[in-house]
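Architecture at a glance
Chain residues, written in single-letter form:
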Amino acid sequence: MHQYIGPEGILDKRGQYFYPCTGYFYRNPPQIVKGEMQYLYGHDGKRYTDFFAGVSVCASGHCNPEIAARTAEQLKSLQHTCTLYLTQPNVDLAERLSEVLPGKLRRTFFVNSGSEANEGAMLLARLYTGRKGFIALEQGLHGRTYLTMSVTGLSMWRADPQLDAEDVAFIPRPYEYGVSPDEAARRSIDALKAVLAEKGDSIAAMLVEPIQGNGGIIVPPDWYFPEVKALLEQYGVLMIDDEIQTGFGRTGEMFAMSRWGVVPDIITMAKALGSGIPIAAFASTDEIAASFTRPSASTFGGNPVSSVTGLAVLDYIEANHMAEHSTKLGEQLLVGLKQLAEQYTEISDVRGAGLMIGAELCADDPARGAVLVDEVLEEMKDRGFIIGKNGVGRNVLAFQPPLVITAQDVEEMLNALRSSLRIVLG
Ligand code: PMP
């Protein structure tokens, strides 16, 4: 029997040994001690159905026994050599990824986190084009390194107030409250055209999340990304598709950009590829990859343990048709949330794709919405359901569960949400 220090003990140690930037959810947070597919357990034995998956990470479930067995087997036989030595798991995973990547994307560079994948993709774009500038969408999130933070539009995640803005042009995202989706997307395209006309020949790449995650689950109109890609091609600007939240079946496709038939030049991935084990990568075509000839290596990138886990995850996703499952259960969740929105005017919007859905509260008064979101999260946690939050005003309830959830889990969560909303909203 473990001697748990409990939530108070953890908060005490955080206060003493962590930086003050480290936030947490809940007024009364539980100490999480165990994960089992779509379930998490507190130190007191309480079970939670997880509808956030550690921010879209544990897509194949927490400690999925089929995946964990292969991770553990590799852990006991060979853990690390780095790419200076020849091992098989990373080349097998790169080959496997080439089979699921769209178009001619087939070269992969392995790293350890989403930020690192985007950083590498940005380096690659500069090497290939010989240009320095980037375009990014407002309210996007691409990482915590200097380069990736400088293309992160969400002010909340721009920790350094002195970020260099010289090389980055932000354009409006294809969403604006109170404006029709087509009109908002049109404004975004017009801004893109203006930047390209002014300095397109100095721009290496545009970074996009196909569906903005942290920015509040923003799905653009179907015509938007095909038009963006066509414009970028006119100016020789690469598209870096940040699939870190959306990749590997979450939205009903292996990669979300495929829903619009757009093949980007570089794809970055992380999170769900390891379903909890750190692994990330950026992938591109032979032609683009050929420009990356100067020596580069990531010490841990593509280590045998992460690579075997990535292979096991891909096997699991394919064998269990996770992308199709995501579409089906996403539909059930979306319908259920829309019914609640009809009942409560505070739910101003419900949007998403597959099992990546957001329910915005009080879009006309985000500060109030944020308070309500926190209350709903607390109520839901007490009822045994973990849901997330995001959005520019932190007023969006985020549903990004492990893809292994069942129709019954969705039904039970919606029932708990109904009860929670009744308490919070009256
Ligand atoms: N891109 C997106 C779309 C993300 O959501 C995140 C993290 N939430 C990142 C990049 C950065 O990933 P990491 O925290 O693994 O560096």
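Residues numbered from 1 in each chain as written. Predicted model: local features only at pLDDT ≥ 70, side-chain atom pairs only at ≥ 80, totals over all residues. Heavy atoms only, no water.

Topic: the nonpolar core
One recurring pattern in soluble globular proteins: nonpolar side chains tend to sit buried together. What counts here: To qualify as a nonpolar core, a set must consist of buried Ala, Val, Leu, Ile, Met, Phe, Trp, Tyr and Cys residues joined through side-chain atoms within 4.5 Å. Whether a residue is buried, partly exposed or exposed follows from its accessible area with a 1.4 Å probe, protein chains only, as a fraction of its type maximum: under 20%, in between, or over 50%, in that order. By the criteria applied, helices consist of DSSP H or I runs no shorter than four residues and strands consist of E runs no shorter than two, each listed in order from the N terminus. Note: domain ranges come from an automatic or database domain assignment. Contacts are residue-level and defined by heavy atoms, with any inter-residue pair within 4.5 Å sufficient.
Formed by 67 residues in total, the largest nonpolar core has its most connected members in L97, F248, M269, F399 and M413. For this core, the element with the most residues is helix α13 (residues 407-425), which contributes eight residues. Split by domain, the residues of this core number at least three in each of domain 1 (6-51 + 321-425) and domain 2 (66-319). Apart from the residues lying within four places of it in its own chain, the contact partners of L97 are T108, F110, F248, M269, L273 and L314. Counting 26 residues, the second largest nonpolar core, distinct from the first, contains A169, I217, M239 and V262.

Observations regarding the site of the ligand
Keep this limit in mind: By convention in this text, a residue qualifies as near a molecule or strand provided that one of its non-hydrogen atoms is within 4 Å of it. We define a polar contact as two N or O atoms separated by no more than 3.5 Å, with the added condition that, inside protein, one atom must be a possible hydrogen donor and the other a possible acceptor, whereas residues neighbouring each other in sequence contribute only through side-chain atom pairs. Using a 1.4 Å probe, the Shrake-Rupley method yields the accessible areas, and only the shown protein chains count as cover for residues. Polar here means any residue other than Ala, Val, Leu, Ile, Met, Phe, Trp, Tyr, Cys and Pro, which are nonpolar, and Asp, Glu, Lys and Arg, which are charged; Gly is therefore polar.
Near the ligand you find S113, G114, S115, N118, L141, H142, R144, E209, D242, I244, Q245 and K271, and these make up its full shell. S115 places a polar side-chain atom, nitrogen or oxygen, 2.6 Å from an oxygen atom of the ligand. Contacts to the ligand include D242, whose side-chain N or O atom sits 2.8 Å from a nitrogen atom. Starting from 390 Å² of accessible surface for the ligand in isolation, the protein chains cover 84%. Among the elements that make up the shell around the ligand, the one with the highest residue count is helix α5 (residues 114-129) (three residues). Looking at the shell around the ligand residue by residue, the classes come out as two nonpolar, six polar and four charged.

Overview of the packing of aromatic side chains
Short version of the rule: Two aromatic rings from Phe, Tyr or Trp, using only the six-membered ring of Trp, form a pair when their centres are within 6.5 Å; if the ring planes differ by under 30 degrees the pair is stacked, by over 60 it is edge-to-face, and anything between is tilted. Comment: the charge-over-ring label is applied if NZ (Lys) or CZ (Arg) is within 6 Å of the ring centre and within 35 degrees of the ring normal.
Under the counting rule described, the total for this entry stands at eight aromatic pairs. Ring centres of F109 and F282 lie 5.1 Å apart, and the angle between their planes is 15°; this geometry places the pair in the stacked category. Residue F109 is found in strand β4 (residues 107-111), and its partner F282 is found in strand β10 (residues 280-284); the two are separated by 173 residues along the sequence. Its relative accessible area of 4% is what places F282 among the buried residues. Look at F282 and F292: their rings are 6.5 Å apart centre to centre, the planes differ by 25°, and that puts the pair in the stacked class. With F282 in strand β10 and F292 in the loop between α9 (286-289) and α10 (304-319), the pair connects residues that are 10 residues apart, well separated along the chain. Among the aromatic residues, ring-to-ring pairing joins F25, Y26 and F52 into one connected group. K34 extends its terminal NZ or CZ atom over the ring of Y41, reaching a point 4.9 Å from the ring centre.

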